[in-house]
Every structure is written in structure tokens, then in C-alpha cells.
Amino acid sequence: MNKTKGFLMEFKQFISKGSVIDLAVGVIIGSSFTTIVNSLVNDIIMPITGWLFGGIDFTSLRYVVKPAAPNMAEASINYGNFIQNVVNFVLVAFVIFCMVKAINHFRKKEEDNKAKAKPSAEVELLTEIRDALIKKEK
């Protein structure tokens, strides 16, 4: 009973931490972002790419393994959908890379600004007191 209670308390602490909530928000935003990227690929990039390759609609590209029969549906390998999903993946990965790069740039800039920041009046006063005490000891 005590182990179960400890496990539940540990779980409660884990779930109430900000990082879990941040992760949940990230997953929700990520799924919404995927919809936007899919629309970008399906509605803008792939039609232009298809036009550049002679009017090809990539989603219709397939290899028919067995043609349709009266009692049987067609069996085909839809490699056009695969191409489209690869493009989606590359775009999502590229955008995430750019976002992480920008965030790291701003974090580094913030850290540099903190390092260059002038010490507060209290820190300066404490530094002077320390220096005076060092001189007095010598």
C-alpha cells in the first residue's frame, strides 16, 4: 500500500511540473503545425513541382500490381503518396531546424547580454568591501 501511495505521489509531482505541460502544449501546436505544412506541400509545392515535371500529379503516381476485376478492387503501389510524404517530412524537419536555430541564437544573445551586463550597485559595493578587506590583510 505504501509503495502504491508513493508511486501515485511521484506521478502527481511529475504531472504537475511545468515541463510536462510545456510538452503537452508543444504536441498540440505540433499537430496543428503539421496541418499547415501538409497544406503547404499539397496545395502549393506539389502542384508547382508537378507542373515543373510536365504536369504530373504525384498523388496519382502508382504501379498497378493487379488490375481491377469484376469482383476485386485494383491492387496498386501508390508511390506518389510516398513521394508527397517524404516532401512533407523534409519541410517539417527544415522548419523545425530553422526554429531551433533561431531560438538558440536568441538564447545565446541573451546569455551574452547577461555576461556583459554591468553588476548591480550591491555587487559593486560588496566587491569594494572585499577588495578593501584584502588590502587590509596585506
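Whatever comes next refers back to the structure up there.
Fair warning: this is a prediction, and the values are worked out from it, not measured in the lab.

Participant: Explanation requested: the layout of surface pockets in the structure shown.
Facilitator: By rolling a water-sized probe across the atoms, one finds the places where empty space is left. When its volume is computed, the largest pocket comes out at roughly 230 Å³. Every residue along the wall of the largest pocket is listed here: Gly26, Ile29, Gly30, Phe33, Thr34, Val92, Ile96, Met99, Val100 and Ile103. When its residues are assigned to classes, the lining of the largest pocket shows seven nonpolar, three polar and no charged.

Participant: How should the environment of Gly80 be read in this particular structure?
Facilitator: Along the chain, Gly80 turns up in helix α3 (residues 79-116). Leaving out residues up to four positions away in the same chain, Gly80 has contacts with Phe58, Thr59 and Leu61.

Participant: Please clarify how the nonpolar core should be interpreted in this entry.
Facilitator: What tends to happen in soluble globular proteins is that the nonpolar side chains get buried as a cluster. By size, the foremost hydrophobic cluster in this structure holds five residues: Val37, Val41, Met46, Phe58 and Leu91. It is helix α2 (residues 18-52) that provides the largest number of residues to this core, a total of three residues. Among residues more than four places away in sequence, those in contact with Leu91 are Val37, Leu40, Val41 and Ile45.

Participant: Sorry if this is basic, but what is going on with the pattern of salt bridges here?
Facilitator: Should their charged atoms come close, side chains of opposite charge can pair. Within the structure shown, the criterion is met by two salt bridges. A salt bridge links Arg62 to Glu74; the nearest nitrogen and oxygen atoms lie 2.0 Å apart. Taken as a pair, Arg62 in the loop between α2 and β1 (63-66) and Glu74 in the loop between β1 and β2 (75-77) lie far apart in primary sequence, 12 residues in all. The partly exposed category is assigned to Arg62, whose relative accessible area is 41%. Across the pair Asp131 and Arg130 runs a salt bridge, and its minimum N-O distance is 3.1 Å.

Rules and cut-offs
- Residues numbered from 1 in each chain as written.
- Predicted model: local features only at pLDDT ≥ 70, side-chain atom pairs only at ≥ 80, totals over all residues.
- Heavy atoms only, no water.
- 1 Å grid on protein atoms, 1.4 Å probe; cavity = no way out; pocket = protein on both sides within 12 Å on 5 of 7 lines; lining within 4 Å.
- Points joined across faces, edges and corners; volume = space filled by probe spheres on them.
- Nonpolar A, V, L, I, M, F, W, Y, C, P; charged D, E, K, R; others polar.
- Helix = DSSP H or I, 4+ residues; strand = E, 2+ residues; numbered from the N terminus.
- Contact = heavy atoms within 4.5 Å.
- Core = buried A, V, L, I, M, F, W, Y, C linked by side-chain atoms within 4.5 Å.
- Buried < 20%, exposed > 50% of the residue type's maximum accessible area, 1.4 Å probe, protein only.
- Salt bridge = Lys/Arg side-chain N within 4 Å of Asp/Glu carboxyl O.

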